[in-house]
Amino acid sequence: MNEITIPGTDLTAKSIYCIGRNYIEHAKELNNPVPSSPLVFLKPQSALCFDGSEIIIPEQSSDVHHEVEIVVAISKKGKNIPENDAHNFIGGIGVGIDFTARDIQQRAKESGHPWSVAKGFDTFAPVSRFIHASEFEDLGYINVDLSVNGVNRQSGNSSQMIFSINYLISYLSSIFTLYPGDLIFTGTPSGVSRVISGDQISATLGEKLVTLSVSVK
Ligand code: ZN
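Residues numbered from 1 in each chain as written. Predicted model: local features only at pLDDT ≥ 70, side-chain atom pairs only at ≥ 80, totals over all residues. Heavy atoms only, no water.

J.: Any chance you could break down the overall build of the chain for me, citing the residues and the numbers?
T.: From N to C terminus, the chain includes four helices and 15 strands. Compactness check: the chain gives a C-alpha radius of gyration of 16 Å against a globular reference of 17 Å for 217 residues, within 12% of the reference. Seen through its principal axes, the chain has C-alpha atoms that stretch 40 × 35 × 35 Å. Among the 217 residues that make up the chain, the fraction classed as buried is 54%. Looking at the chain alone, contacts between residues at least 24 apart form 77% of all its contacts between residues at least 6 apart. As displayed, the chain has an accessible area near 9,500 Å², and 48% of this comes from carbon and sulfur atoms. If the 16 positive side-chain charges of the chain are averaged to one point and the 23 negative ones to another, these points end up 4 Å apart. (Helix = DSSP H or I, 4+ residues; strand = E, 2+ residues; numbered from the N terminus. Rg over C-alpha atoms; globule rule 2.2 N^0.38 Å. Buried < 20%, exposed > 50% of the residue type's maximum accessible area, 1.4 Å probe, protein only. Contact = heavy atoms within 4.5 Å. Areas by Shrake-Rupley, 256 points an atom, 1.4 Å probe, with all protein chains shown as cover. Lys, Arg positive; Asp, Glu negative; His and termini not counted. Charge placed at Lys NZ, Arg CZ, Asp CG, Glu CD.)

Below is the structure:
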């Protein structure tokens with residue numbers, strides 16, 4: 001696969017880690033239990049796309065949802081990173097949308113199957129450009145918003161996360177060796193809903209410090 005540079009950084013994209021059910025209100029809206037440890041899944045790099053992209057609804061699904069998420073880019077290799085050192089591994093903060101084929105995911109959940117198909121279609125992981133973490137006053141208090149056709153659908157704040165950004169970096173590194181260019185989608189607040197062809201979707205962090213605009217083909 002061609003090397004893909006993460007916008008706003010000189011990092012080459014590697015693994016894409018995602019966290020499920022990291023906001024209590026979102027877990028509730030899908031009638032899921034609140035997890036006692038992070039729920040981790042991965043997306044393939046072929047799902048990655050960027051600002052201005054067209055999102056493709058696959059023919060296998062008729063219920064694709066947006067999930068806006070704060071995304072962390074990892075800056076250096078690390079294993080068993082202590083939570084109080086995790087901030088030193090952050091190469092940038094951006095916003096992304098974890099597009100999800102909810103109908104496929106629901107069938108997978110019911111039969112105890114993994115989520116790779118529901119989460120992994122081409123264009124299902126758009127991300128913005130990334131900015132330095134120091135541009136945010138407090139990583140524990142970042143607003144994240146998503147609108148569809150100009151109407152707000154999701155509003156959250158990283159203070160509502162069950163597992164903080166630093167905790168997630170530490171936790172993931174206890175399992176996987178993290179590498180520069182790894183991305184972590186940190187979970188979505190409530191308000192997920194279906195998208196349809198022609199939708200214009202805009203996601204922002206903070207006071208529009210970072211923006212991501214995509215359209216649905
Ligand atoms: Zn998600």
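Right, picking up where we left off after that structure.
J.: With reference to specific residues and values, describe the pattern of salt bridges.
T.: The final tally for this structure, using the stated rule, is five salt bridges. A salt bridge links Lys119 to Glu67, with the nearest nitrogen and oxygen atoms 3.4 Å apart. Taken as a pair, Lys119 in helix H3 (residues 116-120) and Glu67 in the loop between strand S5 (64-66) and strand S6 (68-74) lie far apart in primary sequence, 52 residues in all. As far as the burial class goes, Lys119 and Glu67 line up, both buried. (Salt bridge = Lys/Arg side-chain N within 4 Å of Asp/Glu carboxyl O.)

J.: Give a description of the sheet that holds strand S15 (residues 210-216) that names residues and reports values.
T.: With mixed pairing, five strands are arranged side by side in an open sheet as S4-S15-S14-S10-S11. Both edges of this open sheet fall to strand S4 (54-55) and strand S11 (151-157), since each of them pairs with a single strand only. Where strand S14 (residues 200-205) meets S15, six bridges bridge the pair, whose relative direction is antiparallel. Residue pairing for S15: Ser202 is matched across the bridge by Ser213. (Pairing = 2+ DSSP bridges.)

J.: Describe in detail the coordination of the zinc ion, supporting the description with residues and values.
T.: Six octahedral donors at a metal ideally form angles of 90 or 180 degrees, and four tetrahedral donors ideally form angles of 109.5 degrees. Every protein donor of the zinc ion is accounted for by Glu67 (OE), Glu69 (OE) and Asp98 (OD), and the metal-donor separations fall at 2.0 to 2.1 Å. Here the donor residues for the zinc ion map to a single chain with the spacing E-x1-E-x28-D. Here Glu69, found in strand S6, pairs with Asp98, found in the loop between strand S7 (90-97) and strand S8 (100-101); they are 29 residues apart in sequence, far enough to count as distant. Each of the two residues, Glu69 as well as Asp98, counts as buried. (Donors = N, O, S within 2.8 Å, 3.2 Å for Na, K, Ca; no water.)

J.: Provide a residue-level description of the nonpolar core, including the pertinent values.
T.: Within the largest apolar cluster, 65 residues are counted, with the highest numbers of intra-cluster contacts made by Ile70, Ile93, Phe99, Ile169, Ile201 and Leu205. Here this core gets six residues from one element, more than from any other, and that element is S6. (Core = buried A, V, L, I, M, F, W, Y, C linked by side-chain atoms within 4.5 Å.)

J.: Give a description of the sheet that holds S5 that names residues and reports values.
T.: Taken in spatial order, the three strands line up as S8-S5-S13 in an open sheet, and their pairing is antiparallel. A single partner strand is all that each edge strand has here, and the edge strands are S8 and strand S13 (193-194). Sheet analysis places S5 next to S13, joined by two bridges and oriented antiparallel. Residue pairing in the sheet places His66 in a bridge with Ser193 of S13.

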